[in-house]
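Structural description and commentary
Here's the letter readout for the chains.
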Amino acid sequence: YFSQHTNGVIGGTAAFENQTELEVRFESGAQIVVLASPDAGYILNYWLVNGVQTPETSENTPVLTAEDEGLDIVAVFIGKQVKLNLDAGENADLQNTNGGNKDGEYYHVGDIIEVNSLAHTGYVFNNEWAHSLLGEIEGPNYTFSAADAESGEITLTAIIFTETIRVNFVIVGGGNIVV
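These numbers were taken from a predicted model, which means no experiment stands behind them. (Residues numbered from 1 in each chain as written. Predicted model: local features only at pLDDT ≥ 70, side-chain atom pairs only at ≥ 80, totals over all residues. Heavy atoms only, no water.)

If you tally the helices and strands in the protein, you get one helix and 16 strands. Across the 179 residues that make up the protein, the buried fraction comes to 28%. Excluding contacts between residues fewer than 6 apart, the proportion of contacts in the protein whose partners are at least 24 apart in sequence is 60%. Only carbon and sulfur atoms are counted for the fraction: they give 47% of the accessible area of the protein, which is about 10800 Å². (Helix = DSSP H or I, 4+ residues; strand = E, 2+ residues; numbered from the N terminus. Buried < 20%, exposed > 50% of the residue type's maximum accessible area, 1.4 Å probe, protein only. Contact = heavy atoms within 4.5 Å. Areas by Shrake-Rupley, 256 points an atom, 1.4 Å probe, with all protein chains shown as cover.)

Listed below in structure tokens is the structure:
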């Protein structure tokens, strides 16, 4: 008796080749082929057979031989990697509040990063970024999406504004102000 579990699996599904049932009986000695179908933004990371990680990874499909006891087969998926490029421009510097410089690093779908930009004197950063795929986004936190993974690389560019100062002039006793 052989089973393949998909309960609680995130990132895709797996099924026996040419079978529609999740629990199937095979004759002893029969070859068992299990196929993985990753969701958008995910890839197959590895297989667990009776709780042990198999050497088949990525796109490989395990071919197992049926034994007298059952096999418990689980596909483990991971989000595709996305390269992150950060750009603060010439009027600011990048700052990371959760561990090091993230520029040029790789992340997986679902990873959350926190980035900040420190504007130079005379400039302001309001937690707004230009995303190379999505346009303008707000906030210091960013969660990588399946769309990011499909492109394989994104750039977040800090939107920096020139600081504006309001000045009020008061004329006492007549006269002119020239600005």
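This is not the end of the story, as more comes after the structure.
The pairing of strand β9 (residues 81-87) with strand β11 (residues 106-108) spans three bridges and is antiparallel. Bridge pairing links Lys83 to Tyr106 in β11. Of the strand pairs in this sheet, β9 and strand β16 (residues 153-162) are connected by five bridges, and their pairing is parallel. Note that in β16 the partner of Asp87 across the bridge is Thr157. (Pairing = 2+ DSSP bridges.)

Positive phi, close to 60 degrees, is recorded for Asn127, a residue that is not glycine. Relative to the helices and strands, Asn127 resides in strand β13 (residues 123-131). Taking relative accessible area as the criterion, Asn127 reaches 28% and is therefore assigned partly exposed.

With respect to topology, five strands assemble into an open sheet ordered β11-β9-β16-β13-β14, the strand pairing being mixed. Because the sheet does not close on itself, it has two edges, and the strands there are β11 and β14 (135-138). Averaged over all pairs of adjacent strands, the angle between their axes in this sheet comes to 40 degrees, without regard to strand direction. (Axes fitted to C-alpha atoms, helices over the stretch in contact; angles between N-to-C directions.)

Take the packing of aromatic side chains next. This structure, assessed with the given rule, holds two aromatic pairs. Where Tyr107 meets Phe144, the ring centres are 5.0 Å apart and the plane angle is 10 degrees; that geometry is what we call stacked. Remark: Phe144 occurs in the loop between β15 (141-143) and α1 (146-151) and Tyr107 occurs in strand β11; sequence separation between them is 37 residues. What makes Phe144 buried here is its relative accessible area of 2%. Judged by centre distance (5.3 Å) and plane angle (75 degrees), the ring pair of Phe125 and Trp129 falls under edge-to-face. (Phe/Tyr/Trp six-rings, centres within 6.5 Å; stacked < 30°, edge-to-face > 60°.)

Relative to the helices and strands, Asn85 resides in strand β9. Residue classification places Asn85 among the buried positions, given a relative accessible area of 17%. Residues Asn85 and Lys102, spaced 17 residues apart in sequence, show a C-alpha to C-alpha distance of 7.8 Å. Within the structure, the side chain of Asn85 is placed 2.6 Å from the side chain of Glu153, a separation counted as a polar contact. (Polar contact = N/O pair within 3.5 Å; in protein donor to acceptor, adjacent residues only side chain to side chain.)

Residues Leu84, Ile113, Trp129, Tyr142, Phe144, Ile154 and Leu156 are the most contacted members of the largest nonpolar core, which totals 16 residues. Listed in part, the 10 residues of the second largest apolar core include Ala14, Val49, Leu71 and Ala75. (Core = buried A, V, L, I, M, F, W, Y, C linked by side-chain atoms within 4.5 Å.)

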